[in-house]
Amino acid sequence: MKIDNIRKYEFGTPYETGAVVCDIPKMVGIPERFKYDMDSQTFIYDLHEKDMVFGLGETLRGINKRGWIYVSNNADDPSHDENKTSLYASQNFLIVDDGSDCFGIFIDNPGSVTFDIGYTDMNVMTIHPEYNDTTFYLINGNTPAEIVKSFRELIGKSYVPPVWAFGYGQSRWGYKTADDIREVAARYKELGIPLDMIYMDIDYMQDFKVFTINPERFPNFPDFVKEMKAEGIRLVPNVDPGVKIEDGYDIYEEGKEKGYYCKKEDGQDLVAAVWPGKVHFPDFLNSDVRKWFGDNYKVFLDAGLEGFWNDMNEPAIFYSEDHLAEVFEHVKELEKKELDIWGFFEFKDVLGSIDNNPEDYRRFYHDLDGRKVRHDKVHNLYSVNMTRSASEAFKRLAPDKKILLFSRASYTGMHRYGGVWTGDNMARWSHLLLNIQMMPALSMNGFLFAGADIGGFGGNTTEDLMMRWVEFGIFTPLFRNHSAIGTRDQELYRFNRKSDFKNLVELRYALIPYITSVFMNAAEKNDMYMKPLWFDYRGDDRCREVEDQLLVGDSIMIAPVHEQNATGRYVYLPEEMKLVRFRSYDDYDTEVLPKGDHYIKAELNEVLVFIRPGRELPLATPARHVEDLDMNNLKVIKF
Ligand code: MIG
């Protein structure tokens, strides 16, 4: 394929990241529109007064990224505060648009890349890769939508999950035994709340060893998988990359013998610690290692499992053996001195440096099929290749099956192998808004199958936050309630307004024909699943500032309520639309509203959907499982 509106420029010696699937001829010189500062190896663009910046996938702040600094450097950081610069993902595609002139750029560099988008100077965007080795793609087009399409052609088609993965999933860190899971299934069944998946977190493993199942907690595991499937529920386990160092553990020993782990400068395998205790990291950047790790999924596939979530693949490091030794040395020195106040802060900083330490990511190497590379230079590719390893294994081991697969960390290119969830958010209203604002940027970057932990992962949720979050989650392709061990229980049956929750989840199931058709269309035609209003109403300056309403496909707009105690909200209509205020799939009222600003009531159990002129919204009759939906017998609400 040749895409003639894309210009490609190379700096240094770029790595084969696998992000791009098309051959684009190389240009010489500096990318059009940009200045380049040789000394600091920085690309500079003067922002126009009206420029908006869209993209960068799973990042903090709003839909318009202007006014902050973002660092693509996959990080396991559970505090997603506004002042942070890195999350779990690095998706280096963005669009600059002033309303008449627009262009896109994709920075293909798997090391750390800093995007200063009007942070240092409100009128300047600078892009600075830590290591020079970069392929810079400049994408021209008449509209943001056109540019997205070209970019997506460049990076290849998005992952499509099995249809049941569009159902509702219940997850929680802390379901320890088969009986815990049976209980969850039974409670949902009792209330008649639809449910397609129950996720298994790390507690199912034997001593947190990858590809093991604790036989006491889960006796006769394949039978249990069958039993649950007969109930219409698929079990989806968490998979972590680190392999526990333990003599006699077959996977550890095989990887050791074959030299499949990431090595330090001196050739020794890196020793890091994660959940299993001390582990080695498989070198997923090597094709033999990918095949080996992937083949291990056979035990899960044989047990009847059809879905997986890849966690901790930034990779997260609780500590490395080497750095921990340094920390103890440092602490011993401090102990000898009498701590003055600066000594005290030094002491605190030393302890704070133990996990996810930048130095540790410079301590080990990959064998990129013959090219030895220090980890930090290709850091963001680790998750891609872990997910690729699974995806390629599924093609070999279960060629006729669609497998659900999504990952925590990501980089461009991983969208071909799996989806993403957005990691450890908190039970905060601001994180519901963040979820809304991340979704269109994920779509732009090809991550169509995406979603957040509904209700919030960390902290204690509340019934109203959960309900509002479900009301947004019913529109996200991945619709999963997940929370951390130690937090308040948040399965929907834990709350008082059980019938409202049931109505909302049923509404999701009624919407599945629409959701899956928008999804498939986006996957096949390289379109977006969720879009900012601006993308379809570019002439309308009022849409520049709409940060909490989204278009889902071409037929509807949503305006989720994301504020505590609100019984309505302001909504901007860029044209006349038909409001459908849902209380359940068959209990709603409708009203045609003119273009403009409106205050619209939405009680705690009500969902606002707006149908665009000439469009229609199909609704199925809900069922307890996706596969029981009658997709041919649909009711439609037309406008
Ligand atoms: O260090 O497996 O983001 O979803 O529940 C925490 C336990 C490890 C992080 C994941 C989260 C999961 C948790 N994991």
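Now for a quick tour of the structure.

Cut-offs used in this document
Residues numbered from 1 in each chain as written. Predicted model: local features only at pLDDT ≥ 70, side-chain atom pairs only at ≥ 80, totals over all residues. Heavy atoms only, no water. Near = heavy atom within 4 Å. Polar contact = N/O pair within 3.5 Å; in protein donor to acceptor, adjacent residues only side chain to side chain. Areas by Shrake-Rupley, 256 points an atom, 1.4 Å probe, with all protein chains shown as cover. Nonpolar A, V, L, I, M, F, W, Y, C, P; charged D, E, K, R; others polar. Helix = DSSP H or I, 4+ residues; strand = E, 2+ residues; numbered from the N terminus. Contact = heavy atoms within 4.5 Å. Buried < 20%, exposed > 50% of the residue type's maximum accessible area, 1.4 Å probe, protein only. Pairing = 2+ DSSP bridges. Salt bridge = Lys/Arg side-chain N within 4 Å of Asp/Glu carboxyl O. Core = buried A, V, L, I, M, F, W, Y, C linked by side-chain atoms within 4.5 Å.

## Focus on the site of the ligand
For step 1, the next point in the chain: Neighbouring the ligand are 13 residues, the closest being Asp201, Asp311, Arg408, Asp424 and His482.
For step 2, the next point in the chain: Interatomic distance of 2.8 Å between a side-chain N/O atom of Asp311 and a nitrogen atom of the ligand.
For step 3, the next point in the chain: Arg408 is positioned with one of its side-chain polar atoms (N or O) 2.9 Å from an oxygen atom of the ligand.
For step 4, the next point in the chain: In isolation the ligand has 350 Å² of accessible area, and contact with the protein removes 95% of it.
For step 5, the next point in the chain: Of the residues contributing to the shell around the ligand, the split by class is seven nonpolar, two polar and four charged.

## Overview of the side chain of His280
For step 1, the next point in the chain: Tracing the sequence through the fold places His280 in strand β19 (residues 277-280).
For step 2, the next point in the chain: Within the local environment of His280, its side chain forms a polar contact with the backbone oxygen of Leu270, the two atoms lying 2.8 Å apart.
For step 3, the next point in the chain: The contact partners of His280, leaving out residues within four places of it in the chain, are Pro241, Gly242, Val243, Ile245, Tyr252, Lys256, Tyr261, Asp269, Leu270 and Val271.

## What to know about the pairing of strand β10 (residues 113-117)
For step 1, the next point in the chain: Burial analysis of β10 places four of its five residues in the buried class, which makes it a mostly covered element.
For step 2, the next point in the chain: Pairing analysis gives five bridges linking β10 to strand β11 (residues 124-129), with the strands arranged antiparallel. Across the sheet, residue Val113 finds its bridge partner in β11, namely Pro129.
For step 3, the next point in the chain: Between β10 and the antiparallel strand that follows it, β11, lie six residues; Gly118 among them carries a positive phi value of about 75°.

## Digging into the pattern of salt bridges
For step 1, the next point in the chain: Per the counting criterion, the structure on display carries 57 salt bridges.
For step 2, the next point in the chain: For Arg428, the salt bridge is made with Asp81, and the minimal N-O distance between the two is 3.2 Å. With Arg428 in the loop between β26 (419-421) and α10 (429-444) and Asp81 in the loop between β6 (68-72) and β7 (89-90), this residue pair connects regions lying 347 residues apart in the sequence.
For step 3, the next point in the chain: Notably, a salt bridge pairs Lys372 with Glu265, separated by 3.9 Å at the nearest N-O pair. Of this pair, Lys372 sits in strand β23 (residues 371-374) while Glu265 sits in the loop between β17 (263-264) and β18 (272-274), and the two are 107 residues apart along the sequence.
For step 4, the next point in the chain: The exposed category is assigned to Lys372, whose relative accessible area is 54%.
For step 5, the next point in the chain: Through salt bridges with shared partners, one network takes in Asp76, Asp311, Glu314, Arg408 and Asp424.

## Concerning the nonpolar core
For step 1, the next point in the chain: Leu235, Phe308, Leu404 and Phe610 are the most contacted members of the largest nonpolar core, which totals 189 residues.
For step 2, the next point in the chain: In terms of residue count, the dominant contributor to this core is helix α12 (residues 498-525) (14 residues).
For step 3, the next point in the chain: If we ignore the near neighbours within four places in the chain, the residues touching Phe610 are Ser555, Ile556, Met557, Ala559, Val571, Leu573, Met577, Lys578, Leu579, Leu593 and Ile600.
For step 4, the next point in the chain: Core analysis: the next-biggest nonpolar cluster, separate from the first, contains 24 residues, Phe34, Tyr36, Val113 and Leu138 among them.

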